[in-house]
Amino acid sequence: MSATIVNFSIADNPPPRLDKALARDVPEEASLSRSRLAKLIADGSVKVDGVVVTDPRFRVAEDAEIAIAVEVAEESHIGAEDIPLDVVYEDDDLIVVNKPSGMVVHPAPGTPGGTLVNALIHHCGETLSGVGGMKRPGIVHRIDKETTGLLVAAKSDRAHHSLAKQFADHSVERRYLALCYGEPSSNDPRLRGIKGASFEASNILRVQTFLGRHKTDRQRQAVSFETGRHAVTRARIVQSLGTPPVAALLECWLETGRTHQIRVHMAHCGHSLIGDPVYGGRRKLSPKAVGQAGVDAVAGFRRQALHAATLGFVHPVTGDEIEFEAPMPDDMAELLRALGGQG
């Protein structure tokens, strides 16, 4: 396999370890993350003054000449597919898309094609500089197949490392719009009796539990207070729907990002998302509250009414704080209007 050689010199006052010195001084255009550099050192791809060094703790001196052999990124085994994408933002290091409902993010045994990754490989083409030595987009978070909205993917190794760390640190801003059954208000004494649910100032619902796989249904997640992964969701009412209120438009935001988190937490509180085929159940609303058009719209809505509306993070290269918004999709907006809401 062919390789390109990245040549540079160690600048003044280098860190005591080779791996840290390389991370500081490697040219930005090489797009090599710390984890990729560590692997290149271990693989014997780094020379210091002409000598291969495989010890990341090697003490490197200033003005040392570095040569890193970086293999040209391999073509991904995942096929490129010409699937239209709603691209919100793109540069040399990352791409932000507004994902439609019905699209799976990453290929899996049940869905080997037609995914967002297949579409990204086709769309980005030669602009993918490679993630982990492979020409593929770096997926750092996912949204469910039927959930719409914003998702960022890395196009370079350095972007992948930075974005993954931001998601792991829970420093990424993610806000969702959701339509739920009922009105999760602090005035409801039932809600105050649900374990894990509490209210903060301004009628903000806070749900804190553990989440893990359901004991009998491996496709579902379940709330626990003993085992699983820590999960915190907040939600506030944007619009109350119906007279009296029988549904609500919510803004939800995540302190953590777990599989199906908003869907499970809202169902746990008795306010499952309209249309959710896994956690929602079918509830018949009163025509007196929302009219027959509202009843029919809810009955005909066949996916969870959830949209990833806002995504904000620090750009992995420029260091700028950037934020993107995606408008509510047409099907949710029509449902909202049918329930008497503004949208």
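In what follows, the structure referred to is the one given above.
The model shown is predicted, which means the values in this text are computed figures rather than measured ones. (Residues numbered from 1 in each chain as written. Predicted model: local features only at pLDDT ≥ 70, side-chain atom pairs only at ≥ 80, totals over all residues. Heavy atoms only, no water.)

Asker: Sorry if this is basic, but what is going on with the overall build of the protein here?
Answerer: Looking only at helices and strands, the protein has eight helices and 18 strands in total. Once the C-alpha set of the protein is aligned to its principal axes, its extents read approximately 80 × 40 × 40 Å. When each of the 343 residues of the protein is scored for burial, the buried share is 49%. Sequence separation of 24 or more characterises 64% of the internal contacts of the protein that already satisfy a separation of 6 or more. Approximately 16400 Å² of the protein is accessible, and the part contributed by carbon and sulfur atoms is 49%. If you average the places of the 39 positive and of the 43 negative side-chain charges in the protein, the two averages end up 11 Å apart. (Helix = DSSP H or I, 4+ residues; strand = E, 2+ residues; numbered from the N terminus. Buried < 20%, exposed > 50% of the residue type's maximum accessible area, 1.4 Å probe, protein only. Contact = heavy atoms within 4.5 Å. Areas by Shrake-Rupley, 256 points an atom, 1.4 Å probe, with all protein chains shown as cover. Lys, Arg positive; Asp, Glu negative; His and termini not counted. Charge placed at Lys NZ, Arg CZ, Asp CG, Glu CD.)

Asker: Quick question: what am I supposed to make of the packing of aromatic side chains here?
Answerer: The geometry of an aromatic ring pair is captured by two quantities: the separation of the ring centres and the angle between the planes. Using the criterion set out here, one finds two aromatic pairs in the structure. Taken together, a centroid distance of 6.1 Å and an interplanar angle of 40° make the contact between phenylalanine 313 and phenylalanine 324 tilted. In this pair, phenylalanine 313 sits in strand E17 (residues 306–314) while phenylalanine 324 sits in strand E18 (residues 321–325), placing the two residues 11 residues apart along the sequence. Taking relative accessible area as the criterion, phenylalanine 324 reaches 11% and is therefore assigned buried. Just above the ring of tryptophan 253 sits the side chain of arginine 175; from NZ or CZ to the centre is 4.3 Å. Over the ring of phenylalanine 225 we find lysine 195, and its NZ or CZ is 4.6 Å from the ring centre. (Phe/Tyr/Trp six-rings, centres within 6.5 Å; stacked < 30°, edge-to-face > 60°. Lys NZ or Arg CZ within 6 Å of the ring centre and 35° of its normal.)

Asker: How should the nonpolar core be read in this particular structure?
Answerer: What tends to happen in soluble globular proteins is that the nonpolar side chains get buried as a cluster. If you look at the biggest cluster of nonpolar residues, it comprises 36 residues, and the most contacted ones within it are Tyr176, Leu250 and Ile262. Sorting elements by how many residues they give to this core places helix H3 (residues 116–124) first, with five residues. Setting aside residues up to four positions removed in sequence, isoleucine 262 forms contacts with Tyr176, Thr233, Cys252, Leu254, Leu273 and Leu306. Grouped together as the second largest cluster of nonpolar side chains are 22 residues, Leu177, Ala247, Ala289 and Ala309 included. (Core = buried A, V, L, I, M, F, W, Y, C linked by side-chain atoms within 4.5 Å.)

Asker: Is there a simple way to explain the sheet that holds strand E1 (residues 3–9) in this structure?
Answerer: Through backbone hydrogen bonds, the strands of a sheet pair up, either in parallel or in antiparallel fashion. Sheet architecture is open: four strands sit in the order E1-E4-E2-E3, paired in antiparallel fashion. Each end of this open sheet is capped by a strand with a single partner; those strands are E1 and strand E3 (51–52). In terms of strand pairing, E1 meets strand E4 (residues 65–71) through seven bridges, oriented antiparallel. Across the sheet, valine 6 pairs through a bridge with isoleucine 68, a residue of E4. Against the sheet, helix H2 (residues 34–42) touches strand E2 (46–48) and E4, its axis set at about 95° to E4. (Pairing = 2+ DSSP bridges. Axes fitted to C-alpha atoms, helices over the stretch in contact; angles between N-to-C directions.)

Scope: geometric values only; no functional claims are made or implied.
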